[in-house]
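These are the residues of each chain, in order.
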Amino acid sequence: MAGIFNLFAPLPATAPLTDKSEIDRLYKRHRLRVMLAITLGYGIIYTCRLALGLVKKPLIDNGIFTPDDLGLIGSALFYAYAIGKLTNGFLADHVNIKRVLALFFLMTALCNIAMGFVGAVGAAVLIWGLNGWFQSFGAPGSVVAMTHWFSNHERGRMYGIWSTAHSIGEGLTFLVVGSLVALLGWRAGFWGPGLIGLAVALVSWRLLQDRPASLGLPTVADWKNDHYESTSPTQGAASVFRTQIAILKLPAVWVLALASATNYVTRYAINSWGVLYLQEDRGLTLPEAGTLLMISTLAGIAGAIAYGFVSDKFFNAKRPPANLVFALMEIAGLLLLFYGPDSMPVMVIAVLLFGLGMTGLVTALGGLFAVDICPKRVAGAAMGVIGVFSYIGAAVQEHVSGILINDGMTITEGVRHYDFDAVILFWIGSSVLSTLLAASLWRTRLRD
């Protein structure tokens with residue numbers, strides 16, 4: 001057992017380097033590699049959690065699962081993910097990020113491969129739940145790596161770039177995985193991401209590095225001379241757990257957690273049920289629905305980058321003003337999508353607004369703002385606390401949405417008809433509540 005702990009423990013600090021040019025060279029080299037691994041690696045592995053949303057219609061039409069069953073299976077991933085975001089968020093501050101992140105990528109890929117063989121509800125709930133737990137290390141592990149390699153006043157931009165991983169994953173899911181499902185059937189929706197995920201795990205392991213100290217480098221805050229406030233140099237690893245517990249006493253953390261939870265209701269409502277809505281209410285084909293949501297994810301890439309730039313440059317790394325701007329865009333997109341004219345140009349504008357706004361909010365409420373208001377040495381724990389609420393919100397959404405959609409479904413002469421009115425109100429109301437909660441944090445203090 002001790003050998004396993006040692007295998008995944010952070011690498012020990014080596015003798016500090018004194019050659020400034022060598023320090024600069026190593027930082028520049030590894031910062032690029034870290035960003036590639038956590039952005040592209042996490043983005044591609046993200047497809048391993050979204051496949052279920054694309055195969056819901058064929059699974060329902062073939063009588064394999066009902067909407068209630070799919071809500072249960074989907075919520076298993078989110079509940080496990082919520083628990084994992086908390087446990088793995090705290091864990092991420094104590095482990096070798098290079099080894100553990102690659103391992104969890106590998107395990108989520110294997111879960112997807114296994115899911116392609118399953119036809120029983122109980123087995124699907126178990127495997128999809130395990131997938132959620134393994135997936136849950138991706139975000140805190142990535143953010144811990146980022147906080148060790150990027151400083152305070154550049155983190156907004158870097159976090160924005162990393163947050164494009166969500167949109168990259170969503171875009172690949174809606175376009176590539178959607179095409180696989182349309183051509184080869186629902187099982188390909190799980191096997192495709194699973195096989196690609198195996199390669200991602202290997203490449204991520206090759207690119208990542210553990211903490212800068214393991215290479216003899218100073219902290220990135222010292223290298224960049226970029227501090228929010230002074231911290232005691234005597235604080236060692238033994239105080240990490242105490243600092244993790246201390247963030248639970250910050251009221252702003254709990255308000256932010258609730259804001260993120262209600263935001264994630266709408267985020268995953270569109271990811272999980274958007275294809276079904278567009279097929280059944282708007283009459284689109286699977287490739288058309290997937291393409292429309294892919295447009296949203298492309299807008300999301302721009303939204304994530306824009307959020308980091310806007311909040312860093314225009315608001316001096318203060319997130320609440322940017323949060324309000326992006327929330328208004330997201331809500332406008334939802335209203336246009338659900339209540340606007342039934343035309344493709346209007347729906348394209350709607351998903352563009354939604355993608356821009358939502359991904360900016362995910363960038364902030366889902367992690368960046370939490371990292372700002374908590375000590376950086378416990379970035380993983382901060383992500384974990386926010387994450388557990390976020391994905392409880394996503395899980396509740398999956399279950400409630402499944403029930404509301406099932407209740408609104410009727411079958412006339414063998415043809416299914418859906419009434420989405422109630423579930424749409426649930427989704428939009430959650431976004432409005434999230435906006436109000438986030439706005440209450442306008443004057444929250446930032447910490448180094």
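From a predicted model like this one, the values you see are computed outputs, not experimental measurements. (Residues numbered from 1 in each chain as written. Predicted model: local features only at pLDDT ≥ 70, side-chain atom pairs only at ≥ 80, totals over all residues. Heavy atoms only, no water.)

A. Quick peek at the overall build of the protein chain. Across its full length, the protein chain carries 17 helices and two strands. Over its C-alpha trace the protein chain gives a radius of gyration of 21 Å, about what one expects of a compact globule, namely 22 Å for 448 residues. C-alpha atoms of the protein chain, sized along the principal axes, occupy 80 × 45 × 35 Å. Each of the 448 residues in the protein chain was classed as buried or not, and the buried ones make up 58%. Looking at the protein chain alone, contacts between residues at least 24 apart form 85% of all its contacts between residues at least 6 apart. If you sum the accessible surface of the protein chain, you get close to 17,300 Å²; carbon and sulfur atoms cover 69% of it. A distance of 13 Å separates the average location of the 31 positive side-chain charges in the protein chain from that of its 26 negative side-chain charges. (Helix = DSSP H or I, 4+ residues; strand = E, 2+ residues; numbered from the N terminus. Rg over C-alpha atoms; globule rule 2.2 N^0.38 Å. Buried < 20%, exposed > 50% of the residue type's maximum accessible area, 1.4 Å probe, protein only. Contact = heavy atoms within 4.5 Å. Areas by Shrake-Rupley, 256 points an atom, 1.4 Å probe, with all protein chains shown as cover. Lys, Arg positive; Asp, Glu negative; His and termini not counted. Charge placed at Lys NZ, Arg CZ, Asp CG, Glu CD.)

B. Quick look at the side chain of arginine 49. Within the secondary structure, arginine 49 sits in helix H3 (residues 47–61). Taking the relative accessible area as the measure of exposure, arginine 49 reaches 5% and is therefore buried. If near-sequence neighbours (up to four positions away) are discounted, arginine 49 is found in contact with Tyr42, Leu77, Tyr81, Trp128, Asn131, Gln135, Tyr268 and Tyr391.

C. Looking closely at the nonpolar core. Formed by 124 residues in total, the largest nonpolar core has its most connected members in Ile38, Tyr42, Trp162, Leu278 and Phe338. With near-sequence residues (within four places) excluded, tyrosine 42 lies in contact with Ala37, Arg49, Tyr81, Phe105, Gly138, Ala139, Ser142, Trp162, Ala165 and His166. (Core = buried A, V, L, I, M, F, W, Y, C linked by side-chain atoms within 4.5 Å.)

D. Just the environment of methionine 294, in detail. Summarising the element assignment, methionine 294 is placed in helix H13 (residues 286–314). Measuring from C-alpha to C-alpha, the distance between methionine 294 and valine 351 comes to 9.0 Å, with 57 residues separating the pair along the chain.

E. Molecular detail of a nonpolar patch on the surface. Among the surface-exposed residues, Leu103, Leu106, Leu110, Leu195 and Leu198 lie close enough to one another that they form a single nonpolar patch of about 380 Å² accessible area. Per-element accounting of the nonpolar patch gives the leading share, three residues, to helix H5 (residues 97–115). (Patch = residues over 30% accessible without salt bridge, like charges linked within 9 Å, V, L, I, M, F, W, Y side chains within 5 Å. Salt bridge = Lys/Arg side-chain N within 4 Å of Asp/Glu carboxyl O.)

F. Structural context of the pattern of salt bridges. Evaluation of the coordinates by the stated rule reveals five salt bridges. Arginine 211 is paired through a salt bridge with aspartate 210; the nearest N and O atoms lie 3.0 Å apart. By relative accessible area, arginine 211 is classed as buried at 14%. On the basis of relative accessible area, aspartate 210 is assigned to the buried category, the value being 2%. Two residues, aspartate 342 and arginine 282, come together in a salt bridge whose shortest N-O distance is 3.1 Å.

G. Here's a closer look at the packing of helix H14 (residues 320–339) against helix H17 (residues 421–439). For the pair H14 and H17, the least separation of the axes is 10 Å and the interaxial angle reads 170°. Classified by the interaxial angle, the pair formed by H14 and H17 is roughly antiparallel. Relative to H17, H14 is oriented so that their crossing is left-handed. Mapping the contact onto sequence places Leu324, Ala327, Glu330, Ile331, Leu334, Leu335, Phe338 and Tyr339 in H14 and Ile424, Leu425, Trp427, Ile428, Ser431, Val432 and Thr435 in H17. A class-by-class count of the residues in the contact of H14 with H17 yields twelve nonpolar, two polar and one charged. (Axes fitted to C-alpha atoms, helices over the stretch in contact; angles between N-to-C directions. Parallel < 35°, antiparallel > 145°, perpendicular 65-115°, else oblique. Left-handed = near helix turned anticlockwise from the far one by under 90°. Nonpolar A, V, L, I, M, F, W, Y, C, P; charged D, E, K, R; others polar.)

H. Looking closely at the packing of aromatic side chains. Under the criterion given, the structure shown has 19 aromatic pairs. Arranged with centres 5.4 Å apart and planes meeting at 75°, the rings of tyrosine 27 and tryptophan 149 form a pair that is edge-to-face. Pair noted here: tyrosine 27 is in helix H2 (residues 20–45) and tryptophan 149 is in helix H7 (residues 138–149), with a separation of 122 residues, a long-range link. The burial state of tyrosine 27 is the same as that of tryptophan 149; both residues are buried. Ring geometry for tyrosine 42 and tryptophan 162: centres 5.5 Å apart, planes at 15°, overall stacked. Of this pair, tyrosine 42 sits in helix H2 while tryptophan 162 is found in helix H8 (residues 152–184), placing the two residues 120 residues apart along the sequence. A network of ring pairs unites the aromatic residues Tyr277, Phe338, Tyr418, Phe420 and Trp427 as a single cluster. (Phe/Tyr/Trp six-rings, centres within 6.5 Å; stacked < 30°, edge-to-face > 60°.)

I. The arrangement of the environment of alanine 37 in detail. Tracing the backbone shows alanine 37 in helix H2. Spatially, the C-alpha atoms of alanine 37 and glycine 189 are 24 Å apart, while their sequence positions differ by 152 residues. Not counting chain neighbours up to four residues away, the residues in contact with alanine 37 comprise Tyr42, Ser204, Leu207 and Leu208.

Honestly, that's just the spatial picture; any functional story needs more than this.
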